[in-house]
Each structure stands twice: as structure tokens, then as C-alpha cells.
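# Fold and geometry: a report
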Amino acid sequence: MMQRNGGGVGAGGQPWVLRRVRLTWLSFMLFFILVFFPLIAHYYLTTIDEAGGPEKRIFGPRPGGELCEAKHVQDLCRIRESVSEELLQLEAKRQELNGEIARLNLRIEACKRSIDSAKQDLLQLKNVISQTEHSYKELMAQNQPKLSLPVRLLPDKDDPVLPPPRSFRACRLRSCFDYARCPLTSGFPVYVYDSALYLWGDSLDPLVKQAFTASVKSSIYVTDNPSIACLYVVLVGELQESPSAPLPPPSELEKQLKALPYWRSDGHNHILVHLSRNSMTQNFLYNVSTARAAVAQSTFLEQQYREGFDLVVSPLVHALSEPNFLEVPPQVPVKRKYLFTFQGEKLESLRSSLQEGPPQSFEEEMEGDPPADYDDRIIGTLKAVQDSHLDQVLVEFTCKNPRPSLPTEWSLCGEREERLEVLKASTFTLVILPGNGQLVASAGCGMRLFEALEVGAIPVVLGDHAKLPYHQLIRWSEATIMVPKPRISELHFLLRSLSDNDLLAMRRQGRFLWETYFSTSENILNTILASVRTAIQVPAAPIREEPAHEIPHKAGKMAGTDANLADNGDLDLGPVETEPPYASPRFLRNFTYTSADTYHAWNRAPGPFHLFPHTPLDPVLPSEAKFLGSGTGFRPIGGGTGGSGKEFQASLGGNVPREQFTVVMLTYEREEVLMNSLERLNGLPYLNKVVVVWNSPKPPSDDLLWPDIGLPIVVVHTEKNSLNNRFLPWDTVETEAILSIDDDAHLRHDEIMFGFRVWREARDRIVGFPGRFHAWDVNHQSWLYNSNYSCELSMVLTGAAFFHKYYAYLYSYVMPQAIRDMVDEYINCEDIAMNFLVSHITRKPPIKVTSRWTFRCPGCPQALSHDDSHFHERHKCINFFVKVYGYMPLLYTQFRVDSVLFKTRLPHDKTKCFKFI
């Protein structure tokens, strides 16, 4: 056991050392293998790859991305390459933008310097323009001073003492009228006494008083301030006697007149009005001293009447009832059943005329004592004409129911309705003046004259000593035939020799006088006031214009120009926006008309245009200057620049070289069509402004953007949907020329300019593009409206036509209301009504320009004219208008105005002119 242990120790001690050596060696070897062997292998492999070349590399990087053989590795590689390229591109762009920014900064600095320089130049130009405009205005003021409505001058409260005339019977305006109370610019204020406050007011005819009061309220001259009045009006008749209100004696009436608060001791600037409703009216004022007060009544004795001071007026037949124009007989046919008629009774002449034996000749009668009158000879001659049966005549010298009359005056027969039926069948009617030469005017003759004019029987006045109503101002020879009584034997020959055209002209003139001066109490009062105002040369008040209630709207982008409309080739239409909108001059002829055209203005029925419209009854229009005098200038055509192509195109020409026009466009809930039409007006020369008549009760859309055409666009709100709104005289229209155009009308600029040039040479006509005509339907005995293509026309549609603003006043304020009512009823025919009006006034047809027959834009929504009932309504309108006017005023024409080579493009040095087809 000892040995085993000893031997184990001895023997076992050596191996333990060996074991530690082995462990150390083993650890070293493991460390060498794990650390140095990979390094040596890496070095060895690297050495081999470098020695073998790039193509024999095993572990090094390979060209072409050979290591990216795996799919996900290939994707990553592509992403890396794409990102690298984008980064390179962004860097290049950044460098490029930096360079551009630098260049722009340099340009900004240069622009700032240019702007500063341009501002300086602009300031200098503004100063030059301002100086030029100032010089231009000075030159215009020297050569053509601008006139405006004059300042109103009113009279002083204290009247100067007038020197008394030699006799009140010899009163004239110069001696008995105080002109100081009526300055030219006073506006002619009139004060009307309230007759109910005075004693004679209880005896006034109630109908006369009521009609007179209603007329006073409608007068534009009446004022409530007596201290500024130019004229004082006193209603003194017609008086009616009743048990409760006996007629005042002449002395009492004279005393009451002198007690008037503004009588001023002699009654100067007063006019006493006596309106008669009966054929026999007592002359209450004959024994009354009216001093310096003028008298206006129907009956005058020679000793009472003061020529040029007193006024003969028409009887008041229609006191309250308005005359029914539809019941007035037509003016055609010219020849009626009877050549002439007379119904009346005069007892003192009848006895001698019924004696047997032929009447003495005028020579035989004149050999003896001059007869008091020629009534016996008149009766015998008229009975002989009736018995000859050469013409159908009606003469009656006895009446079943004669009306009361003055001595030596022929009394009226029967009731008014019976007399009118006879007159409706009479071509002429005789008005035999009283046999008493001292009776210069009588209500009975005035009644006969009134009834004859009312129904279109031409009055034949036998006698030359009487004064017809308003004889100082009305040329009665144009509406009546005035024959001295000694020519009674030649009367039949004279009446048969008149042509139909002359008869129709006289009948139309008589109808005009009746409608204007005699038909209503309002017309009679206005005529009395106009007579005095005209005699003292005070201009009439301007007629009212329709106030335009504008609808606010937003202007959008600058309007473009339709290539189809602007393609005018080498045609220079005229300047565009070379000057601001220029209004037509106003108030240029007020005093000229009053002082120079007085007599003619009162005497023209629809005829020569520059005479008819300006009756003293009508207020003076504010825009009548060039309308009346456009053809009196001495400038050559073309404004003095000649007629060659370029100069003619660039210059407006004519006798009024500086003029613009206004477009009036009617629309109803077609916003897109309207905007397109407004855009087409962009760049149109000589356009003053555009007035859009918004006929819809709904306002335009809030988001609607209106085109900016460089000129004002005024949107006018109307009270109701009416086609008559197209012709209202809007106060915003400041030019005489109006281009009435529909919102779907499609006209080129050159066509519009050509129409404007033609209108300037015919300012009293309608000048337009689409023509129409009327025709007589033999089968139905009525008029028809026709829109077929034809070689003649009688109407030009106002959906694309020029007319003068004056016609807007006449259409809205003068034309019979029945016509406007029918336009509203049918929502149609306003264009026909305007053509009727202009032809009725001028007796001329319209003028058609170019060969256009239609003007609707392609693709526009359907208009009212596409309705099946449209033409049927227009047939009815024409026949209704003919009934209102009493005849067919439309006139045919085969005249059309075209421009030579209208659509042919010529060089500027070639001639362009007009031709008339």
C-alpha cells in the first residue's frame, strides 16, 4: 500500500507537469488557430486575387455588380443607383436655380430703375395732357360754348308801376303785360286761383269746375307760390243760373275781380278763362271791365276782342270723359258718302230764302244796299247743288230740335250723337259764320269746328271775318278750306277739284289739331298757357326723363374680341377709346325755337319732322340741338378730310364730326347670351355706353361677372316686365343716337359703324338691318304682317336699329296709351308700334342698310318670335294700330343703303364710298 502510494506519487508527479504543459500548448495552439490562422488565410487569399488579376478574383469586388446576383441584393443596388442619380440631378437643378435667381435679381434691379424712369416720363406726359386738355377746352369754349339748363330767375315781390295804357280796350302785351315778372329763365310759373273761395264760384258749371281742377293738377307750370308767379289764371265760366246761386250782375263780378289778392289794381298778368259747354253761351264779360287782364273764351264781339292780347279758345266738349280714339272713324277712304253736308236753322234768313223766284246775283245785290250777310244766296246755291244730283250732298235748313244759338248764328240741329253720324259720312262739312259781322267768334261755330275735326269731316268755313280758335298761332288753311261768302257759287267746283292726297293731308292735320289742342280739358288748359308763354317768348320746360334705377354689378375679366366680329381686314372703323364718353349737347335751341319757329311749330301735323314735334304744348326736349340742325353745317363730307379710303374710314365725317351713340339692350333671364353679346361690343368705335334694360323681376345672379369692355355698362331695373321699357327715355342715355339691339342680335362692328354713318345722314328715320313689310289681305279685308324676303319693305325691326332719342319721348309720353297697353297685353309688337309712330310723324319709310334679313346669333335660346302665335299677334297689332291712327301710316320703299365693295378688302389708298340701291 505504501509502495502503491509512493510509486503513485513518484510516478504520478511527472505526468501532472506534462499535463500542464499540454494544456498550455493546447491553449496556445487554439489561440493561434483562432487568431492568426484567419489572418494568414486572408492575407494569402488576398495575395492570390491580386496575383491572378481582376478577372480571377474570388473574394474581392467584381465589376458589373457580380456580387448582386441575389434578387434582393439586386433591388437594393438599383435603389442605390437611382437615388444617386436623383441626388446628382437635384444638385444640378439647385445650381441652375441659384444662377437664375441671380439673373432675376439683376433684372429686378433694372426694372426698378426703368419704373422710376417711366414714372417720371408719365408724370411729364400727364402734365402735357392736362395742359393740352385745358387748351382744348378753352378753344371749345370760345368756338362752341357748352350750354346747360339756365339758372332760374324769379320776379321780385314788389311789382314796378306800369304806365297806364290809353285805353284798356287797346291793351296789347307790350302795354298791359309785365314782362319783368316772366324772365326768360323763370320756367313760366303759373298761379291758379281757387274759384270756390269767391262768390262766382257757386255759379260755375260743376263739370267745368271739376275738369278744370283736374287739369290744373297735371300741369307742370302750376305753382302754389303766388309771389313768384308769372301768370295768374282765374276761372270765371261757364256760369249756370240756379235758384240757390243767381248769376252776379256785371258790376258785382267786376268788383269781385278787383278784390282778388294779386289783382294789383289793374289785373296785369291775369287771364280770365271762360270755358263753354253749350252752343249758346252768354258773354258775361262783355260789360265787365277786365282792365289789363286778358280774356280767353269762345265768344267775342268785335268791340270786346283785343287782337294779340285776348285768346279765342275751343269749347269744352269732353269735360270729364276722355275721347275714345277707337270710336273715331278712320281717315280712309278719303271720299265719303256725301261730298259736303250742312244742318242748321236761321229763321230770319230762312223766310227770305224760301220765296219763289231765282236769287239775285251778287252783282245785283251789291248794286243796292250792301246786305247784312249772304245767307239767302248761300241757301239758294246749296239747294241748287243738291237738286242737281251731280254729287250726293246733304243740306238741311230746318231742324226738328234746334239748339239755342246767338242772334244771326246758325243753330245746331239735334243731339250731338246724331250730328256725328252725319259728319262721319261727310267728306266736307260747312261752317257758316254768323251774319253779324260784329260777332267775331262764337261758341256755336267753335262747336261745329270741334265736331268736324273729331270725326274727320274737313271743315269749309264760309266767311272771312271771324276768328277761329288760336288763330294767331294755328295755320287753319292747312286743316280747313276758308271761302269768302261771295264765292259760294264756286264752292262746288272748288270742293270737287281737290285731290285725294290733299284731302288726306288736311284730314290728318285736322286730326292732329283736335287731338293736341281741343280734345280734352287738359289739352285746352295747356294750350291756353302755351299761347301766353309763346307770345312772351319764354322757352318751354324740359320734358321729363325716365330715372334709371341702376342695379349694382361686378365687372369681371377684360372682355376679349370675337375674331369673327373684329375681322375687318384693312377697314379702319374709327378710333377706340381716344376720348372719354361724349354726351350730345343739350339745350341749344330753346330760345331759337321760341323766337323763330313759333308759327310753324303750332301748325304742323305729322309731316316734316323738324316742324311737327315742337308744339308749344309739348315741353322742349333737352337733346334737340343737332337733331334739328344736323343738315345745316358747312363742313364737307368726311369732316374736311376728303373721301379717300383711309381718311374716310378713320374720320366719322358728316356735318357733326364729333358724336357717339348709346346701345340700349333689352334682356330677360338669359345671362349667358347677354354676356356674350356685351363682349362682342368690346372695341366698338364711337360707343358712349351700354344701357342694359333688365326686364326680369329677378335681379342678376350675385356671382355673375360682367365683361369689362372699357366703357360704362349701366344695368337698369324696370318696374315691370314690358317691352315698352325698350323705348323709355332713360336719363342715363346722354346721346341723341340710340342703337336698340336685342341681347341675341349678332352684328359685326363694321355693320354697326356703317349703320351709324347712314343714320347720321337721315336722323329723322329708323335705320336698321332686318326689314319687314305689311300687306293687304283682300279675302279678309285686313292688314297682314309679313317677314318674307321681298324687294320692298315698310318696317325695320328695332331689335337692331338706330333711332333718335326724341322718338323715345314721343313713344312713352305722346303716343296713344292704347298702343302701349296692347304691347303689354301681347308682349309683342313694340317694334311695329315704333315704326308706326315714326312713319306717322315723318311720312317717310325707314332705311334698311346692308342685305341682312336676320340677325339672330347661332345657338342662342329660342326667343318669343319662335312662338306659333307670334305672327298672329302681329297681324292683330297692325290692324289695331291702324284703327287708333285712323289710317295706315306705314310707307313702302325699295330703297336700301349699301357700301360700295362693302365686304371687299381694298388698300388704304383706294376709294370707299356709299352706293344707294
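This structure is a prediction, so every number in the text was calculated from the model and none was measured.

Looking only at helices and strands, one finds 24 helices and 27 strands in the protein. Within the protein, the proportion of its 917 residues that are buried is 50%. Of the contacts made within the protein by residues no fewer than 6 positions apart, 79% connect residues no fewer than 24 positions apart. Total accessible area on the protein stands at roughly 45900 Å², and carbon and sulfur atoms take up 56% of it.

For His-717, the location among the structural elements is in strand S18 (residues 713-717). For His-717, a relative accessible area of 36% corresponds to the partly exposed category. Contacts of His-717, omitting those with residues within four sequence positions, involve His-549, Ile-551 and Trp-694.

A full pass over the atoms with the stated rule returns 31 aromatic pairs. Centroid distance Phe-177 to Tyr-179: 5.7 Å. Interplanar angle 80°. Geometry classified as edge-to-face. With a centroid separation of 6.5 Å and 10° between ring planes, the pair formed by Phe-756 and Trp-759 is classed as stacked. With Phe-756 and Trp-759 both in helix H20 (residues 749-761) and three residues apart, the pair spans about one turn of that helix. Both residues of the pair, Phe-756 and Trp-759, count as buried. Its end group placed over the ring of Phe-756, Arg-760 keeps NZ or CZ at 5.8 Å from the ring centre. One residue, Arg-874, lies across the ring of Tyr-785, its end atom 4.3 Å from the ring centre.

Across all of its chains, the model carries 36 salt bridges by this definition. A salt bridge links Asp-75 to Arg-78, with the nearest nitrogen and oxygen atoms 2.1 Å apart. Here the residue Asp-75 and the residue Arg-78 both occupy positions in helix H2 (residues 71-143), the gap between them amounting to three residues, near one helical turn. Under the relative-accessibility criterion, Asp-75 is labelled partly exposed at 31%. Accessibility expressed as a relative area gives 49% for Arg-78, which makes it partly exposed. Ionic pairing is found between Glu-451 and Arg-416, a salt bridge with its closest N-O pair at 3.9 Å. Residue Glu-451 is located in helix H10 (residues 443-455), and its partner Arg-416 is located in helix H9 (residues 416-424); the two are separated by 35 residues in the primary sequence. Both residues of the pair, Glu-451 and Arg-416, count as buried.

On to the sheet that holds strand S4 (residues 294-297), then. Taking strand neighbours across the sheet as the criterion, the five strands line up as S1-S2-S3-S4-S6 in an open arrangement whose pairing is parallel. Whereas interior strands pair on both sides, the edge strands pair on one side only; in this sheet they are strand S1 (190-192) and strand S6 (311-312). Sheet analysis places S4 next to S6, joined by two bridges and oriented parallel. Bridging across to S6, Gln-297 finds its partner in Val-312. In this fold helix H4 (residues 206-218) packs onto S1 and strand S2 (231-237), with an angle of close to 160° to the strand it touches most, S2.

Right, let's get into the sheet that holds strand S7 (residues 338-343). Strand order in the open sheet made by the five strands is S8-S7-S9-S11-S12, with parallel pairing throughout. In the strand order of this sheet, the two ends are held by strand S8 (394-396) and strand S12 (481-483), each with one partner. Here the average twist between neighbouring strands, direction ignored, is 20°. Pairing of strand S11 (residues 458-462) with S12, which is carried by three bridges, proceeds in the parallel orientation.

In this section: empty space enclosed by the protein. Taken as a whole, this structure holds 12 cavities of 30 Å³ or more when the rule is applied. Considering only enclosed or pocket space, the second largest cavity measures out at about 140 Å³ in volume. What lines the second largest cavity is Thr-341, Phe-342, Gln-343, Leu-412, Arg-419, Val-422, Leu-423, Thr-429, Leu-430, Val-431, Arg-448 and Glu-451. Every element with two or more residues in the lining of the second largest cavity is listed here: S7, H9, strand S9 (426-432) and H10. Looking at side-chain class alone, the lining of the second largest cavity contains six nonpolar, three polar and three charged residues.

Quick look at the confidence of the model for the protein now. Confidence in the prediction of the protein, expressed as mean pLDDT, is 80, and 76% of residues score 70 or more. Note on residues 909-917: pLDDT under 50 across the span, and 32 contacts to partners over four residues away in sequence or across chains.

The next point concerns the side chain of Asn-835. With respect to the helices and strands, Asn-835 occurs in helix H23 (residues 830-842). In this structure the side chain of Asn-835 is engaged in a polar contact, spanning 3.0 Å, whose partner is the backbone oxygen of Val-796. The residues touching Asn-835, leaving out its near neighbours within four places in the chain, are Ile-766, Ser-794, Met-795, Val-796, Pro-846 and Leu-890.

So, about the pairing of strand S24 (residues 800-804). Most of S24 sits out of view: five of its five residues are buried. Residues Ala-800, Phe-802 and His-804 of S24 are buried on one face, and the alternating residues Ala-801 and Phe-803, pointing to the opposite face, are buried as well. Bridge analysis of strand S19 (residues 737-742) against S24 gives five bridges, and the strand direction is antiparallel. Across the sheet, Ile-741 pairs through a bridge with Ala-800, a residue of S24. Examined bridge by bridge, strand S20 (residues 767-768) and S24 share two bridges and lie antiparallel to one another. Bridge pairing links Gly-768 to Ala-801 in S24.

A separate point is H23. In a regular helix each residue adds 1.5 Å, so 13 residues correspond to 18 Å; H23 covers 18 Å between its end C-alpha atoms and thus fits that length. In the stretch just after H23, Arg-843 is the one whose phi turns positive, near 55°.

Moving on, we get to the state of the cysteines. Evaluated as defined, the whole model comprises four disulfides. Paired by a disulfide, Cys-182 and Cys-230 hold their sulfur atoms 1.6 Å apart. As the torsion about the S-S bond is roughly 95°, the Cys-182-Cys-230 disulfide counts as right-handed. Taken as a pair, Cys-182 in the loop between helix H3 (173-176) and S1 and Cys-230 in the loop between H4 and S2 lie far apart in primary sequence, 48 residues in all.

Looking now at unusual backbone geometry. Residue Gly-237 is joined to Glu-238 through a cis peptide bond whose omega torsion reads 20°. Examined against the element boundaries, Glu-238 turns out to sit in the loop between S2 and helix H5 (250-258). Put simply, Val-332 and Pro-333 share a cis peptide bond, and its omega is 5°. You will see that Asn-269, though not glycine, has its phi angle at about 65°, which is positive. Even without a glycine there, the phi angle at His-389 is positive, about 60°. You can see His-389 is positioned in the loop between helix H8 (375-388) and S8.

Another aspect to go through is the pairing of strand S3 (residues 270-274). The element S3 is largely enclosed, with a buried count of five among its five residues. Here S3 shows two buried faces, one formed by His-270, Leu-272 and His-274 and the other by Ile-271 and Val-273. Note that S2 and S3 share five bridges and pair parallel. What sits directly across from Leu-235, in S3, is Val-273.

It is worth spelling out the packing of H10 against helix H12 (residues 500-518) at this point. The contact between H10 and H12 brings their axes to 8 Å, and the two run at 120°. Relative to H12, the element H10 lies oblique. Considering only the axes of H10 and H12, their crossing is left-handed. Where H10 abuts H12, its residues Phe-450, Leu-453 and Glu-454 lie against Gly-510, Arg-511, Trp-514 and Phe-518. Split into classes, the residues belonging to the contact of H10 with H12 amount to four nonpolar, one polar and two charged.

Moving on, we get to the nonpolar core. If you look at the biggest cluster of nonpolar residues, it comprises 80 residues, and the most contacted ones within it are Phe-188, Leu-231, Val-233, Leu-257 and Phe-518. Among the elements that make up this core, the one with the highest residue count is S2 (six residues).

Further remarks concern the packing of helix H21 (residues 805-814) against H23. Interaxial distance between H21 and H23 falls to 11 Å at its minimum, and their mutual angle equals 105°. With respect to H23, the axis of H21 lies roughly perpendicular. Contacts from Tyr-807, Leu-810 and Tyr-811 of H21 reach H23 at Glu-830, Ala-833, Met-834, Leu-837, Val-838, Ile-841 and Thr-842.

Parameters and conventions
- Residues numbered from 1 in each chain as written.
- Predicted model: local features only at pLDDT ≥ 70, side-chain atom pairs only at ≥ 80, totals over all residues.
- Heavy atoms only, no water.
- Helix = DSSP H or I, 4+ residues; strand = E, 2+ residues; numbered from the N terminus.
- Buried < 20%, exposed > 50% of the residue type's maximum accessible area, 1.4 Å probe, protein only.
- Contact = heavy atoms within 4.5 Å.
- Areas by Shrake-Rupley, 256 points an atom, 1.4 Å probe, with all protein chains shown as cover.
- Phe/Tyr/Trp six-rings, centres within 6.5 Å; stacked < 30°, edge-to-face > 60°.
- Lys NZ or Arg CZ within 6 Å of the ring centre and 35° of its normal.
- Salt bridge = Lys/Arg side-chain N within 4 Å of Asp/Glu carboxyl O.
- Pairing = 2+ DSSP bridges.
- Axes fitted to C-alpha atoms, helices over the stretch in contact; angles between N-to-C directions.
- 1 Å grid on protein atoms, 1.4 Å probe; cavity = no way out; pocket = protein on both sides within 12 Å on 5 of 7 lines; lining within 4 Å.
- Points joined across faces, edges and corners; volume = space filled by probe spheres on them.
- Nonpolar A, V, L, I, M, F, W, Y, C, P; charged D, E, K, R; others polar.
- pLDDT = per-residue confidence, 0-100.
- Polar contact = N/O pair within 3.5 Å; in protein donor to acceptor, adjacent residues only side chain to side chain.
- Expected span 1.5 Å × (residues − 1).
- Disulfide = S-S within 2.5 Å.
- Parallel < 35°, antiparallel > 145°, perpendicular 65-115°, else oblique.
- Left-handed = near helix turned anticlockwise from the far one by under 90°.
- Core = buried A, V, L, I, M, F, W, Y, C linked by side-chain atoms within 4.5 Å.

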